[in-house]
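# Summary of structural features
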Amino acid sequence: MAIENLPIVKPSSPLAEAWSAFLRNKASVAGLAMMALVACLAIFGPVLYSVDPFEIVGAPMTPPWTDAAVPLGSDYLGRDLLAGIVHGAGVTLFVGGAAALMTVSIGIFIGAVAGFWGGRADRWLMRLTEFFQVLPPLLFAMTLVTLFSPSIPIIAISIGLVSWPATARLTRAEFLKIKPQGYVTAARSNGGRDGYIMWRVVLPNAAPPLIVSAALVVGMAILFEAGLSFLGLGDPNVMSWGLIIGSNREYLIDGWWTVTFPGLAIFLTVLSLSLIGDGLNDAFSPSLRER
(Lines give C-alpha, C1' and ligand atoms only; values in the text may rest on other atoms or scores of the structure.)
Protein backbone atom coordinates (compact mmCIF):
# COMPACT_ATOMS: atom_id res chain seq x y z
CA MET A 1 0.00 0.00 0.00
CA ALA A 2 1.36 3.40 -0.91
CA ILE A 3 2.25 5.67 1.95
CA GLU A 4 0.03 8.44 0.61
CA ASN A 5 -2.99 6.09 0.79
CA LEU A 6 -2.60 5.36 4.49
CA PRO A 7 -5.40 6.81 6.63
CA ILE A 8 -4.50 9.86 8.66
CA VAL A 9 -5.25 9.43 12.36
CA LYS A 10 -5.51 12.70 14.21
CA PRO A 11 -4.16 12.52 17.75
CA SER A 12 -6.79 13.27 20.35
CA SER A 13 -6.20 15.96 22.93
CA PRO A 14 -5.43 15.02 26.55
CA LEU A 15 -8.75 16.55 27.60
CA ALA A 16 -10.63 14.40 25.09
CA GLU A 17 -8.79 11.29 26.29
CA ALA A 18 -9.61 12.15 29.91
CA TRP A 19 -13.29 12.67 29.06
CA SER A 20 -13.38 9.37 27.19
CA ALA A 21 -11.80 7.61 30.18
CA PHE A 22 -14.31 9.26 32.50
CA LEU A 23 -17.23 8.03 30.41
CA ARG A 24 -15.89 4.47 30.57
CA ASN A 25 -16.24 4.55 34.35
CA LYS A 26 -19.90 3.60 34.87
CA ALA A 27 -19.91 4.53 38.55
CA SER A 28 -18.62 8.02 37.77
CA VAL A 29 -21.19 8.51 35.02
CA ALA A 30 -23.88 7.49 37.50
CA GLY A 31 -22.48 10.03 39.95
CA LEU A 32 -22.55 12.71 37.25
CA ALA A 33 -26.16 11.84 36.46
CA MET A 34 -27.14 12.07 40.14
CA MET A 35 -25.35 15.41 40.45
CA ALA A 36 -27.19 16.67 37.36
CA LEU A 37 -30.52 15.69 38.96
CA VAL A 38 -29.61 17.53 42.15
CA ALA A 39 -28.61 20.60 40.13
CA CYS A 40 -31.91 20.46 38.22
CA LEU A 41 -33.76 20.17 41.53
CA ALA A 42 -31.94 23.25 42.84
CA ILE A 43 -32.59 25.29 39.68
CA PHE A 44 -36.07 24.23 38.58
CA GLY A 45 -37.51 22.72 41.78
CA PRO A 46 -38.58 25.97 43.46
CA VAL A 47 -40.35 27.02 40.26
CA LEU A 48 -42.18 23.73 39.76
CA TYR A 49 -42.97 23.25 43.45
CA SER A 50 -43.47 26.75 44.79
CA VAL A 51 -44.73 25.88 48.28
CA ASP A 52 -43.10 28.08 50.93
CA PRO A 53 -40.83 25.76 52.99
CA PHE A 54 -41.49 27.86 56.12
CA GLU A 55 -45.27 27.90 55.75
CA ILE A 56 -47.35 25.63 58.00
CA VAL A 57 -49.50 23.67 55.56
CA GLY A 58 -50.66 20.66 57.55
CA ALA A 59 -50.79 18.91 60.88
CA PRO A 60 -47.46 18.48 62.64
CA MET A 61 -45.63 15.17 62.15
CA THR A 62 -47.81 13.95 59.31
CA PRO A 63 -46.30 10.65 58.05
CA PRO A 64 -45.20 10.48 54.40
CA TRP A 65 -47.58 9.29 51.68
CA THR A 66 -50.65 9.77 53.86
CA ASP A 67 -51.65 13.29 52.79
CA ALA A 68 -51.48 14.54 49.20
CA ALA A 69 -50.84 18.08 50.45
CA VAL A 70 -47.56 16.97 52.03
CA PRO A 71 -46.27 14.00 49.96
CA LEU A 72 -43.19 13.39 52.10
CA GLY A 73 -44.89 14.29 55.35
CA SER A 74 -44.54 17.33 57.58
CA ASP A 75 -42.11 18.32 60.32
CA TYR A 76 -42.80 19.12 63.96
CA LEU A 77 -44.38 22.47 63.02
CA GLY A 78 -46.46 21.16 60.12
CA ARG A 79 -44.19 22.47 57.35
CA ASP A 80 -44.03 20.60 54.04
CA LEU A 81 -40.92 18.41 54.09
CA LEU A 82 -40.81 18.09 50.29
CA ALA A 83 -40.84 21.89 49.96
CA GLY A 84 -37.94 22.08 52.40
CA ILE A 85 -35.91 19.55 50.41
CA VAL A 86 -36.69 21.23 47.07
CA HIS A 87 -35.91 24.77 48.25
CA GLY A 88 -32.97 23.65 50.38
CA ALA A 89 -31.13 22.05 47.46
CA GLY A 90 -29.93 25.36 46.04
CA VAL A 91 -28.79 26.67 49.42
CA THR A 92 -26.93 23.47 50.22
CA LEU A 93 -25.18 23.45 46.85
CA PHE A 94 -24.36 27.16 47.20
CA VAL A 95 -22.72 26.61 50.58
CA GLY A 96 -20.76 23.64 49.24
CA GLY A 97 -19.67 25.46 46.08
CA ALA A 98 -18.79 28.75 47.79
CA ALA A 99 -16.85 27.02 50.58
CA ALA A 100 -15.04 24.82 48.04
CA LEU A 101 -14.14 27.87 45.93
CA MET A 102 -12.68 29.61 48.96
CA THR A 103 -10.88 26.46 50.09
CA VAL A 104 -9.33 25.85 46.69
CA SER A 105 -8.38 29.52 46.20
CA ILE A 106 -6.59 29.81 49.54
CA GLY A 107 -5.01 26.36 49.28
CA ILE A 108 -3.73 26.85 45.72
CA PHE A 109 -2.29 30.29 46.45
CA ILE A 110 -0.45 29.24 49.60
CA GLY A 111 0.67 25.90 48.16
CA ALA A 112 1.82 27.46 44.88
CA VAL A 113 3.88 30.18 46.58
CA ALA A 114 5.42 27.69 49.01
CA GLY A 115 6.24 25.09 46.37
CA PHE A 116 7.46 27.49 43.69
CA TRP A 117 9.59 29.89 45.72
CA GLY A 118 10.69 27.52 48.48
CA GLY A 119 13.14 28.73 51.10
CA ARG A 120 11.85 31.02 53.80
CA ALA A 121 8.44 31.45 52.13
CA ASP A 122 7.99 27.68 52.09
CA ARG A 123 8.94 27.31 55.75
CA TRP A 124 6.66 30.07 57.01
CA LEU A 125 3.69 29.10 54.88
CA MET A 126 4.00 25.44 55.85
CA ARG A 127 4.13 26.41 59.52
CA LEU A 128 0.93 28.40 58.97
CA THR A 129 -0.62 25.41 57.21
CA GLU A 130 0.35 23.08 60.04
CA PHE A 131 -1.16 25.49 62.58
CA PHE A 132 -4.53 25.41 60.81
CA GLN A 133 -4.25 21.68 60.19
CA VAL A 134 -3.96 20.76 63.86
CA LEU A 135 -7.07 22.79 64.77
CA PRO A 136 -10.25 20.68 64.93
CA PRO A 137 -12.04 21.85 61.75
CA LEU A 138 -15.61 21.51 62.99
CA LEU A 139 -14.82 23.13 66.35
CA PHE A 140 -12.98 25.98 64.61
CA ALA A 141 -15.90 26.50 62.22
CA MET A 142 -18.32 26.49 65.16
CA THR A 143 -16.25 29.18 66.86
CA LEU A 144 -16.22 31.39 63.78
CA VAL A 145 -19.97 31.00 63.21
CA THR A 146 -20.66 31.74 66.87
CA LEU A 147 -18.51 34.89 66.85
CA PHE A 148 -20.37 36.24 63.86
CA SER A 149 -24.00 35.86 62.79
CA PRO A 150 -24.98 32.33 61.69
CA SER A 151 -25.78 33.34 58.12
CA ILE A 152 -25.19 31.40 54.92
CA PRO A 153 -22.22 33.58 53.79
CA ILE A 154 -20.59 33.33 57.23
CA ILE A 155 -21.07 29.55 57.25
CA ALA A 156 -19.51 29.22 53.78
CA ILE A 157 -16.58 31.47 54.74
CA SER A 158 -16.03 29.57 57.99
CA ILE A 159 -15.95 26.23 56.21
CA GLY A 160 -13.54 27.61 53.61
CA LEU A 161 -11.20 29.00 56.27
CA VAL A 162 -10.86 25.67 58.07
CA SER A 163 -10.63 23.39 55.02
CA TRP A 164 -7.75 24.72 52.90
CA PRO A 165 -4.63 23.05 54.47
CA ALA A 166 -5.04 19.75 52.59
CA THR A 167 -5.37 21.59 49.25
CA ALA A 168 -2.32 23.71 50.09
CA ARG A 169 -0.20 20.64 50.79
CA LEU A 170 -1.37 18.95 47.59
CA THR A 171 -0.61 22.06 45.54
CA ARG A 172 2.84 22.41 47.09
CA ALA A 173 3.66 18.78 46.33
CA GLU A 174 2.56 19.18 42.68
CA PHE A 175 4.60 22.39 42.26
CA LEU A 176 7.69 20.76 43.75
CA LYS A 177 7.28 17.88 41.30
CA ILE A 178 6.69 20.04 38.23
CA LYS A 179 9.11 22.91 38.90
CA PRO A 180 12.27 20.97 37.80
CA GLN A 181 10.69 19.86 34.51
CA GLY A 182 12.35 20.88 31.25
CA TYR A 183 9.45 22.94 29.92
CA VAL A 184 9.51 25.08 33.07
CA THR A 185 13.23 25.68 32.59
CA ALA A 186 12.60 26.52 28.93
CA ALA A 187 9.92 29.04 29.87
CA ARG A 188 12.33 30.70 32.29
CA SER A 189 15.09 30.74 29.64
CA ASN A 190 12.71 32.51 27.27
CA GLY A 191 12.35 35.36 29.74
CA GLY A 192 9.24 34.23 31.58
CA ARG A 193 8.75 35.94 34.93
CA ASP A 194 7.94 34.10 38.12
CA GLY A 195 4.27 35.06 38.07
CA TYR A 196 3.84 33.89 34.47
CA ILE A 197 5.66 30.62 35.06
CA MET A 198 3.79 29.94 38.29
CA TRP A 199 0.25 30.56 37.04
CA ARG A 200 0.51 29.95 33.29
CA VAL A 201 3.03 27.11 33.08
CA VAL A 202 3.16 25.15 36.34
CA LEU A 203 -0.43 25.50 37.57
CA PRO A 204 -2.13 24.15 34.40
CA ASN A 205 0.03 21.04 34.62
CA ALA A 206 -0.76 20.68 38.33
CA ALA A 207 -4.50 21.16 37.75
CA PRO A 208 -5.75 17.52 37.37
CA PRO A 209 -5.29 16.43 41.01
CA LEU A 210 -6.52 19.83 42.17
CA ILE A 211 -9.72 19.41 40.16
CA VAL A 212 -10.28 16.04 41.79
CA SER A 213 -9.66 17.59 45.20
CA ALA A 214 -12.12 20.41 44.48
CA ALA A 215 -14.90 17.94 43.67
CA LEU A 216 -14.35 16.19 46.99
CA VAL A 217 -14.15 19.48 48.90
CA VAL A 218 -17.68 20.39 47.77
CA GLY A 219 -19.02 17.21 49.35
CA MET A 220 -17.05 17.84 52.52
CA ALA A 221 -18.42 21.39 52.74
CA ILE A 222 -21.99 20.10 52.40
CA LEU A 223 -21.36 17.71 55.30
CA PHE A 224 -19.85 20.56 57.33
CA GLU A 225 -22.94 22.72 56.77
CA ALA A 226 -25.17 19.83 57.82
CA GLY A 227 -23.07 19.31 60.94
CA LEU A 228 -23.21 22.99 61.91
CA SER A 229 -26.97 23.09 61.35
CA PHE A 230 -27.41 19.88 63.34
CA LEU A 231 -25.69 21.62 66.25
CA GLY A 232 -28.03 24.59 65.94
CA LEU A 233 -25.58 26.91 64.16
CA GLY A 234 -27.35 27.10 60.80
CA ASP A 235 -29.08 30.15 59.38
CA PRO A 236 -32.68 29.90 60.73
CA ASN A 237 -33.98 32.22 58.00
CA VAL A 238 -32.79 30.17 55.01
CA MET A 239 -33.97 26.63 54.37
CA SER A 240 -31.26 24.03 53.80
CA TRP A 241 -31.04 20.28 54.18
CA GLY A 242 -28.87 20.69 57.24
CA LEU A 243 -31.38 23.05 58.82
CA ILE A 244 -34.19 20.51 58.30
CA ILE A 245 -32.16 17.85 60.10
CA GLY A 246 -31.07 20.23 62.84
CA SER A 247 -34.54 21.55 63.60
CA ASN A 248 -36.09 18.06 63.69
CA ARG A 249 -33.32 16.19 65.49
CA GLU A 250 -35.30 16.07 68.74
CA TYR A 251 -38.21 14.34 66.98
CA LEU A 252 -36.25 11.56 65.30
CA ILE A 253 -38.01 8.77 67.21
CA ASP A 254 -41.53 10.07 66.55
CA GLY A 255 -40.90 11.27 62.99
CA TRP A 256 -38.11 9.34 61.30
CA TRP A 257 -38.96 10.86 57.92
CA THR A 258 -38.11 14.41 59.06
CA VAL A 259 -34.44 13.46 59.27
CA THR A 260 -34.24 10.50 56.90
CA PHE A 261 -35.29 12.26 53.68
CA PRO A 262 -32.98 15.30 53.96
CA GLY A 263 -30.24 12.99 55.21
CA LEU A 264 -30.74 10.78 52.16
CA ALA A 265 -30.53 13.87 49.93
CA ILE A 266 -27.22 14.84 51.52
CA PHE A 267 -25.94 11.26 51.25
CA LEU A 268 -26.77 10.97 47.55
CA THR A 269 -25.26 14.38 46.76
CA VAL A 270 -22.02 13.66 48.59
CA LEU A 271 -21.90 10.16 47.08
CA SER A 272 -22.30 11.58 43.57
CA LEU A 273 -19.46 14.05 44.18
CA SER A 274 -17.27 11.24 45.51
CA LEU A 275 -17.98 9.12 42.43
CA ILE A 276 -17.24 12.07 40.16
CA GLY A 277 -13.98 12.69 42.00
CA ASP A 278 -12.98 9.05 41.66
CA GLY A 279 -13.76 9.14 37.94
CA LEU A 280 -11.75 12.33 37.46
CA ASN A 281 -8.84 10.78 39.33
CA ASP A 282 -8.87 7.78 36.99
CA ALA A 283 -9.35 9.97 33.92
CA PHE A 284 -6.45 12.30 34.68
CA SER A 285 -4.08 9.50 35.77
CA PRO A 286 -2.88 7.51 32.73
CA SER A 287 -1.78 4.62 34.93
CA LEU A 288 -5.36 4.24 36.24
CA ARG A 289 -7.30 4.62 32.99
CA GLU A 290 -7.27 0.92 32.25
CA ARG A 291 -8.26 -0.07 35.76
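That block above? That's the structure.
Below is a short write-up of the structure. Remember, it's a predicted structure, so these values are computed and weren't measured experimentally. Note that residues are indexed from 1 along each chain, following the sequence as it is written. In view of the model being predicted, local features appear only for residues whose pLDDT reaches at least 70, and side-chain atom pairs are presented and counted only at 80 or more, with totals across whole chains, interfaces and linings using the full set of residues. Excluded from the side-chain calculation are hydrogens and water; included are all heavy atoms of the structure.

### As for the overall build of the chain
Using the following cut-off: Each helix is a run of H or I in the DSSP string that is no shorter than four residues. Each strand is a run of E no shorter than two, and both are numbered from the N terminus. The classification of residues rests on relative accessible area computed with a 1.4 Å probe and restricted to protein chains. Under 20% of the type maximum is buried, over 50% is exposed, and intermediate values are partly exposed. Methods summary: accessible areas were calculated by the Shrake-Rupley approach with a probe of 1.4 Å, and residue burial reflects only the protein chains presented. For the charge count, each Lys or Arg is scored as positive and each Asp or Glu as negative, with His and the chain ends excluded. Taken as the charge centre is NZ of Lys, CZ of Arg, CG of Asp or CD of Glu, depending on the residue.
When you go through the chain residue by residue, the secondary structure sums to 11 helices and 0 strands. When the elements of the chain are put in sequence order from the N terminus, they spell out α-α-α-α-α-α-α-α-α-α-α. Overall, the chain is about 75 × 60 × 30 Å in size when its C-alpha atoms are taken along their principal axes. Taking all 291 residues of the chain together, 44% fall into the buried category. Total accessible area computed for the chain in this model is approximately 15,200 Å², and 69% of it derives from carbon and sulfur atoms. Considering the chain, the positive charge centre built from 17 side chains and the negative charge centre built from 18 side chains are found 18 Å apart.

### Side note on the side chain of Ser240
Basically, it comes down to this: We call two N or O atoms a polar contact when they sit within 3.5 Å, provided that within protein one can donate a hydrogen and the other can accept it, with sequence-adjacent residues counted only if both atoms are side-chain atoms. Any two residues whose heavy atoms approach within 4.5 Å are treated as being in contact.
The residue Ser240 is located in the loop between helix 9 (194-230) and helix 10 (241-248) in this model. At 2.8 Å, the side chain of Ser240 forms a polar contact with the side chain of Glu225. The contacts of Ser240, once residues within four sequence positions are left out, are Gly88, Val91, Thr92, Glu225 and Ser229.

### Notes on the packing of helix 8 (residues 182-189) against helix 9
For clarity, the cut-off: Where helices are involved, their axes are fitted lines through C-alpha atoms of the stretch in contact, as for all axes, and angles between N-to-C directions lie from 0 to 180°. Note that the term roughly parallel is reserved for angles under 35 degrees, roughly antiparallel for angles over 145, roughly perpendicular for angles of 65 to 115, and oblique for everything else. In this scheme the crossing of two helices becomes right-handed for a clockwise turn of the near helix relative to the far one and left-handed for an anticlockwise turn of less than a right angle. Any residue outside Ala, Val, Leu, Ile, Met, Phe, Trp, Tyr, Cys, Pro, Asp, Glu, Lys and Arg is labelled polar, Gly included; the first ten of those are nonpolar and the last four are charged.
Where helix 8 meets helix 9, the axes come as close as 10 Å, and the angle between the chain directions of the two elements is 155 degrees. One element, helix 8, and the other, helix 9, form an angle in the roughly antiparallel class. For helix 8 against helix 9, the interelement crossing comes out right-handed. Residues Tyr183, Val184, Ala187 and Arg188 of helix 8 touch helix 9, and the partners they reach there are Asp194, Ile197, Val201, Val202 and Asn205. Split into classes, the residues belonging to the contact of helix 8 with helix 9 amount to 6 nonpolar, 1 polar and 2 charged.

### Side note on a nonpolar patch on the surface
The following threshold applies: Patch construction takes residues with relative accessible area above 30% that form no salt bridge. Like charges are linked within 9 Å, and nonpolar side chains (Val, Leu, Ile, Met, Phe, Trp, Tyr) are linked within 5 Å. Any carboxyl oxygen of Asp or Glu that lies within 4 Å of a side-chain nitrogen of Lys or Arg is treated as forming a salt bridge with it.
Side chains of Trp19, Leu23, Val29 and Leu32 sit close together on the surface and give an oily, nonpolar patch of about 340 Å² of accessible area. Following the sequence through the fold, Trp19 ends up in helix 1 (residues 14-24). Under the relative-accessibility criterion, Trp19 is labelled partly exposed at 48%.

### A look at the nonpolar core
Rules: By nonpolar core is meant a set of buried Ala, Val, Leu, Ile, Met, Phe, Trp, Tyr and Cys residues that side-chain atoms within 4.5 Å join together.
Grouped together as the largest cluster of nonpolar side chains are 34 residues, with contacts concentrated most on Leu81, Ile85, Ile222, Trp241 and Ile266. Residue assignment for this core shows that the elements contributing at least two residues are helix 1, helix 2 (26-48), helix 3 (81-117), helix 9, helix 10 and helix 11 (257-284). The element best represented in this core is helix 11, accounting for 10 residues. Residues Ile178, Ile197, Met198 and Ala206 belong to the second largest nonpolar core, which totals 15 residues.

### Brief notes about helix 9
Formally: Between the first and last residue of a helix there are one fewer steps than residues, each counted as 1.5 Å, and that sum is the expected span. To get the bend at any residue, fit one axis to the seven residues that end at it and another to the seven that begin at it, then take the angle between the two axes.
Between the first and last C-alpha of helix 9 there are merely 46 Å, a value that for 37 residues lags more than 12% behind the 54 Å anticipated at 1.5 Å per step. The largest bend along helix 9 reaches roughly 55 degrees and is located at Leu203, with the proline Pro204 sitting one to four residues downstream. Where helix 9 terminates, the next one or two residues include Gly232, which has phi positive at roughly 85 degrees.

### Side note on the environment of Thr269
Among the secondary structure elements, Thr269 is positioned in helix 11. The sequence separation of Thr269 and Ala89 amounts to 180 residues, and the corresponding C-alpha distance is 9.7 Å.

### Quick word on the pattern of salt bridges
Evaluated as defined, the whole model comprises 6 salt bridges. With a closest N to O distance of 3.4 Å, Lys177 and Glu174 form a salt bridge. A residue pair is termed a helical-turn pair when its members lie 3 or 4 positions apart in one helix, as Lys177 and Glu174 do in helix 7 (residues 165-178) at 3 residues. Glu174 sits in the buried class, given a relative accessible area of 12%. Beyond isolated ion pairs, a larger network of salt bridges with shared partners links Arg127, Glu130 and Arg169.

### Some words on the packing of helix 3 against helix 7
The contact between helix 3 and helix 7 brings their axes to 7 Å, and the two run at 35 degrees. When the axes of helix 3 and helix 7 are compared, the crossing they make is right-handed. Here Thr103, Val104, Gly107, Ile108, Ile110, Gly111, Ala112, Ala114, Gly115 and Phe116 of helix 3 come into contact with helix 7, specifically with Thr167, Ala168, Thr171, Arg172, Phe175 and Leu176. Of the residues assigned to the contact of helix 3 with helix 7, the class counts are 9 nonpolar, 6 polar and 1 charged.

### Examining the packing of aromatic side chains
Definition in use: Stacked, tilted and edge-to-face are the three classes applied to pairs of Phe, Tyr and Trp rings, where Trp contributes its six-membered ring and a pair requires centres within 6.5 Å; stacked means planes under 30 degrees apart, edge-to-face means over 60, and tilted covers the rest. Charge-over-ring contacts are defined here by two conditions on Lys NZ or Arg CZ: a distance within 6 Å of the ring centre and an angle within 35 degrees of the ring normal.
Using the criterion set out here, one finds 9 aromatic pairs in the structure. Relative to Phe261, the ring of Trp65 lies with its centre 5.8 Å away and its plane at 80 degrees, an arrangement referred to as edge-to-face. One end of the pair, Trp65, is in the loop between helix 2 and helix 3; the other, Phe261, is in helix 11, and 196 residues separate them in sequence. Exposure remark for Phe261: the relative accessible area of 14% places this residue in the buried category. Ring geometry for Trp256 against Phe261: centres 5.8 Å apart, planes inclined by 55 degrees, an arrangement best described as tilted. Here the guanidinium or amino end of Arg249 rests over the ring plane of Phe230, the centre of that ring lying 5.8 Å away.

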